[in-house]
Amino acid sequence: SGFEKAKTETVAMNSAVESSVSMLSKGFAELNAKVLGAFRSNTEATLDLFKAAFAAKTPSELVELQMAHARKQLEVFSVQAKDFSSAASKMPQSL
């Protein structure tokens, strides 16, 4: 009957929506974990720079430390951006 067919299609649609929401939720959790990990890593790198800066004996040593830190962080930011992009691109494909 038409009612049974509509009921079956509704149940199938609800199941598909639940599955999509679950996958989207997992995608957001993965992205959130990556962002928090990046925040922690970047904070630790900055604190390490501050420790080293206080131990620097000359202004040139301080400048060298800052330049090395900046180069390293640019590399780290590039990797983190790729990780974020990869995690984010998985979410719409899950729907």
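See the structure above.
First, a word on what this report is: a plain description of the structure on this page. (Residues numbered from 1 in each chain as written. Predicted model: local features only at pLDDT ≥ 70, side-chain atom pairs only at ≥ 80, totals over all residues. Heavy atoms only, no water.)

### Observations regarding the overall build of the chain
Part 1 of the reasoning: Scanning the chain from N- to C-terminus turns up two helices and zero strands.
Part 2 of the reasoning: For 95 residues, the compact-globule estimate of 2.2 N^0.38 gives 12 Å, and the chain exceeds it by more than 25% at 24 Å.
Part 3 of the reasoning: Projected onto its principal axes, the C-alpha coordinates of the chain cover approximately 85 × 15 × 10 Å.
Part 4 of the reasoning: Looking at the chain as a whole, 13% of its 95 residues are labelled buried.
Part 5 of the reasoning: Within the chain, contacts between residues separated by at least 24 positions form 74% of all contacts whose residues are at least 6 apart in sequence.
Part 6 of the reasoning: Total accessible area on the chain stands at roughly 7300 Å², and carbon and sulfur atoms take up 65% of it.
Part 7 of the reasoning: The distance from the centre of the 11 positive side-chain charges to the centre of the 10 negative ones in the chain is 1 Å. (Helix = DSSP H or I, 4+ residues; strand = E, 2+ residues; numbered from the N terminus. Rg over C-alpha atoms; globule rule 2.2 N^0.38 Å. Buried < 20%, exposed > 50% of the residue type's maximum accessible area, 1.4 Å probe, protein only. Contact = heavy atoms within 4.5 Å. Areas by Shrake-Rupley, 256 points an atom, 1.4 Å probe, with all protein chains shown as cover. Lys, Arg positive; Asp, Glu negative; His and termini not counted. Charge placed at Lys NZ, Arg CZ, Asp CG, Glu CD.)

### Some remarks on the environment of Phe54
Part 1 of the reasoning: Within the secondary structure, Phe54 sits in helix 1 (residues 2-55).
Part 2 of the reasoning: It is 67 Å that separates the C-alpha atoms of Phe54 and Glu9, two residues lying 45 residues apart in sequence.

### A few points about the side chain of His69
Part 1 of the reasoning: Along the chain, His69 falls in helix 2 (residues 59-94).
Part 2 of the reasoning: Residue classification places His69 among the buried residues on the basis of a relative accessible area of 18%.

### Points about the side chain of Asn42
Part 1 of the reasoning: Within the secondary structure, Asn42 sits in helix 1.
Part 2 of the reasoning: Polar side-chain contacts of Asn42 include one of 3.4 Å to the side chain of Gln73.
Part 3 of the reasoning: Aside from chain neighbours lying at most four places away, what touches Asn42 is Gln73, Val76, Phe77 and Gln80. (Polar contact = N/O pair within 3.5 Å; in protein donor to acceptor, adjacent residues only side chain to side chain.)

### Considering the environment of Thr10
Part 1 of the reasoning: In this structure, Thr10 sits in helix 1.
Part 2 of the reasoning: As a C-alpha pair, Thr10 and Phe39 span 29 residues in sequence and 43 Å in three-dimensional space.

### A closer look at a nonpolar patch on the surface
Part 1 of the reasoning: Residues Met13, Val17 and Val21 make up a contiguous nonpolar surface patch of roughly 300 Å² in combined accessible area.
Part 2 of the reasoning: Within the secondary structure, Met13 is located in helix 1.
Part 3 of the reasoning: With a relative accessible area of 56%, Met13 lands in the exposed category. (Patch = residues over 30% accessible without salt bridge, like charges linked within 9 Å, V, L, I, M, F, W, Y side chains within 5 Å. Salt bridge = Lys/Arg side-chain N within 4 Å of Asp/Glu carboxyl O.)

### Structural notes on helix 1
Part 1 of the reasoning: With 54 residues, helix 1 should reach 80 Å at 1.5 Å per residue; the first-to-last C-alpha distance of 79 Å fits that figure.
Part 2 of the reasoning: All buried positions along helix 1 are accounted for by Ser20, Gly27, Leu31, Ala38, Asn42, Ala45 and Leu49. (Expected span 1.5 Å × (residues − 1).)

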